[in-house]
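Here is how the chains run, residue by residue.
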Amino acid sequence: MRECVKMDADGTPALHGYRMPAEWEPHSQCWIGWPERPDNWRDNAVHGQSVFAKVAYAISKFEPVTVCASAAQWTNARNQLPPNIRVIEMSMNDSWFRDTGPTFVVRDIKSILGGPEQKVAGIDWNFNSYGGIEEGCYTDWSFDLLLARKILAVEKVPRFPHSMILEGGSIHVDGEGTCLTTEECLLNKNRNPHLTKEQIEDELKAYLGVQKVIWLPHGLFGDDDTNGHIDNMCCFVKPGVVLLSWTDDVSDPQYERSLKAISVLSNAIDAKGRKLEIIKLHVPGPLYMTDEEAAGLIQDGEAKPRPPGTRLAASYLNFYIANGGIITPQFGDQKWDDEAVRVLSSAFPDHEVVRVEGAREIALGGGNIHCITQQQPAAL
């Protein structure tokens, strides 16, 4: 008899046997938003849209892609994207689907025929624009609050709502019970000041189905928009192996952050009792917003100011793992662009590493390829 779960599920995902799968586990599709706000994407988002289209096209070679665009932008998005990419209308305040879309979880069960089967559900976290009215990135996030619910309704999968403020880019899992995150973000008082570190950890365990949380002190230097999301700083390659943003420049503030992260990671034990292997992935640059780039923004007080000279939170770690592909940002810094491809090709020998040129445009908006994508696991 087919299992029936109401859209707003009771209890926690872990209570129902769900877990957050690793990003390299099979996907049914990828979700991407479509940028348009002129105070965050220069020149009315013309350049940003071009790179978003490149990312969507690259991913579509490996798995289905759905792009969500506002009513005003639907025709524009449809015209810029190939026919095999689905484009649907959806309102949003900005296009960071890693953070505002659902966190998908899976449950392994036996099918009616006795074989293995995987059910998919989604967590709908709370969101406050990365810090609320005083410290967030934009002043109105009412549409973003509804994104996860809408996506889950479109896909007709159960929804686990949560009142805790959490963005998807602030967590990373190995699929075997271990979660990576940063104190800089999750313990920031502009997120959940009423919760202690232990209480936040308990919620991660209950909703992600993990048993161990490894806390790095900081995220990437310059990642002020997100208060140091983990997805610019560190991620799993496979259980027991992590990639870490690194710099050889001891004068760069990132150097100290990376050293502190290595200290934590080298002493950490994952949920299965393993010591972690650390692979260093050098950052580009450093890169800074130019006068021309800043001049292309309409800065009217509705979003966080982006003055010229702002250091970009640029990291090669902000890639997307597709079904058989690694979609990686390229920043026009040839030495480190090439080095990133070499390191990623070695770390993921069974994946094709695909370069997306011009990813600086996404960094100008405050993130990169991982930040604008959200994988939906396959229902096996």
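Here is what the cut-offs are and how they apply
- Residues numbered from 1 in each chain as written.
- Predicted model: local features only at pLDDT ≥ 70, side-chain atom pairs only at ≥ 80, totals over all residues.
- Heavy atoms only, no water.
- Pairing = 2+ DSSP bridges.
- Helix = DSSP H or I, 4+ residues; strand = E, 2+ residues; numbered from the N terminus.
- Right-handed = clockwise from strand over helix to strand, strands pointing away.
- Axes fitted to C-alpha atoms, helices over the stretch in contact; angles between N-to-C directions.
- Contact = heavy atoms within 4.5 Å.
- pLDDT = per-residue confidence, 0-100.
- 1 Å grid on protein atoms, 1.4 Å probe; cavity = no way out; pocket = protein on both sides within 12 Å on 5 of 7 lines; lining within 4 Å.
- Points joined across faces, edges and corners; volume = space filled by probe spheres on them.
- Nonpolar A, V, L, I, M, F, W, Y, C, P; charged D, E, K, R; others polar.
- Salt bridge = Lys/Arg side-chain N within 4 Å of Asp/Glu carboxyl O.
- Buried < 20%, exposed > 50% of the residue type's maximum accessible area, 1.4 Å probe, protein only.
- Expected span 1.5 Å × (residues − 1).
- Core = buried A, V, L, I, M, F, W, Y, C linked by side-chain atoms within 4.5 Å.

Sorry, what's going on with the pairing of strand β12 (residues 277–282) here?
Side-chain positions along a regular strand alternate between the two faces of the sheet. Sheet analysis places strand β11 (residues 241–246) next to β12, joined by six bridges and oriented parallel. When the sheet's bridge partners are listed, L243 is paired in β12 with I279. Following the backbone out of β11, through helix α8 (residues 253–266) and into the adjacent parallel β12, one traces a crossover that is right-handed.

I tried to follow the pairing of strand β15 (residues 352–356) on my own but got confused; where do I start?
Pairing of strand β14 (residues 325–329) with β15, which is carried by five bridges, proceeds in the parallel orientation. Note that in β15 the partner of P329 across the bridge is V356. Following the backbone out of β14, through helix α10 (residues 334–347) and into the adjacent parallel β15, one traces a crossover that is right-handed.

Would you mind going over the sheet that holds β14 with me for this structure?
Two strands in a sheet stick together by hydrogen bonds in their backbones, pointing the same way (parallel) or opposite ways (antiparallel). Strand order across the open sheet formed by three strands is β13-β14-β15, with mixed pairing between neighbours. One side of each edge strand has no neighbouring strand; the edge strands of this open sheet are β13 (320–322) and β15. Each adjacent strand pair in this sheet contributes to an overall mean axis angle of 25°, direction not counted. Pairing between β13 and β14: three bridges, direction antiparallel. Of the residues in β14, the one forming a bridge with Y320 is I327. Sheet strands touched by helix α1 (residues 46–60): β13, β14 and β15. Its angle to β15, the strand with the most contacts, is close to 165°. In the packing of α10 onto the sheet, contacts are made with β14 and β15, and the angle to β15 comes to roughly 155°.

Which parts of the structure should I look at to understand the confidence of the model for the chain?
When pLDDT drops low, the exact placement of atoms in the prediction is not to be read closely. Confidence in the prediction for the chain averages 95 pLDDT; 96% of positions are at 70 or higher. Low confidence marks residues 1–5, where pLDDT is under 50. Its contacts with residues over four positions away, or in another chain, come to five contacts.

It is not clear to me how the layout of surface pockets should be interpreted in this structure. Could you clarify?
Rolled over the atoms, a probe with the dimensions of a water molecule shows which regions are left empty. When its volume is computed, the second largest pocket comes out at roughly 200 Å³. Elements with a minimum of two residues in the lining of the second largest pocket: β10 (234–238) and β12. Of the residues contributing to the lining of the second largest pocket, the split by class is seven nonpolar, one polar and three charged.

Help me out: how do you make sense of the pattern of salt bridges in this one?
Counted by the stated rule, this structure contains 22 salt bridges. The residue D124 makes a salt bridge to R159 at a minimum N-O spacing of 2.9 Å. With D124 in strand β5 (residues 116–126) and R159 in strand β6 (residues 159–165), this pair connects stretches of sequence that are 35 residues apart. As far as the burial class goes, D124 and R159 line up, both buried. Shared partners join several salt bridges into a network, and the residues in it are D8, D124 and R159.

How do you make sense of the environment of M164 when you look at a structure like this?
By the element assignment, M164 lies in strand β6. Given a relative accessible area of 3%, M164 falls into the buried group. With 102 residues separating them in the primary sequence, M164 and F62 have C-alpha atoms 33 Å apart. Not counting chain neighbours up to four residues away, the residues in contact with M164 comprise W125, N126, N192, L195, I200, E203 and L204.

When you look at helix α7 (residues 197–208) in this model, what are you seeing that I'm missing?
One turn of an α-helix holds 3.6 residues; hence residues three or four places apart share an orientation. For α7, with 12 residues, the first-to-last C-alpha span of 16 Å sits near the 16 Å given by 1.5 Å per residue. For α7, every residue scored as buried is listed here: I200, E201, L204, A206, Y207 and L208. Residue G209 follows α7 closely and has a positive phi angle near 70°.

Honestly, the nonpolar core in this entry has me stumped. Any pointers?
Across soluble globular proteins, you tend to see nonpolar side chains buried next to one another. With 35 residues, the main nonpolar core has I32, V67, L81 and I362 as its most contacted residues. Put simply, the parts of the chain that give this core at least two residues each are β1 (27–33), α1, β2 (65–69), β13 and β15. The element best represented in this core is α1, accounting for seven residues. With residues near it in sequence (within four places) discarded, V67 still touches I32, G33, W34, A56, L81, I85, R86, V87 and I88. Core analysis: the second largest hydrophobic core is formed by 28 residues, V341, L344, F348 and A363 among them.

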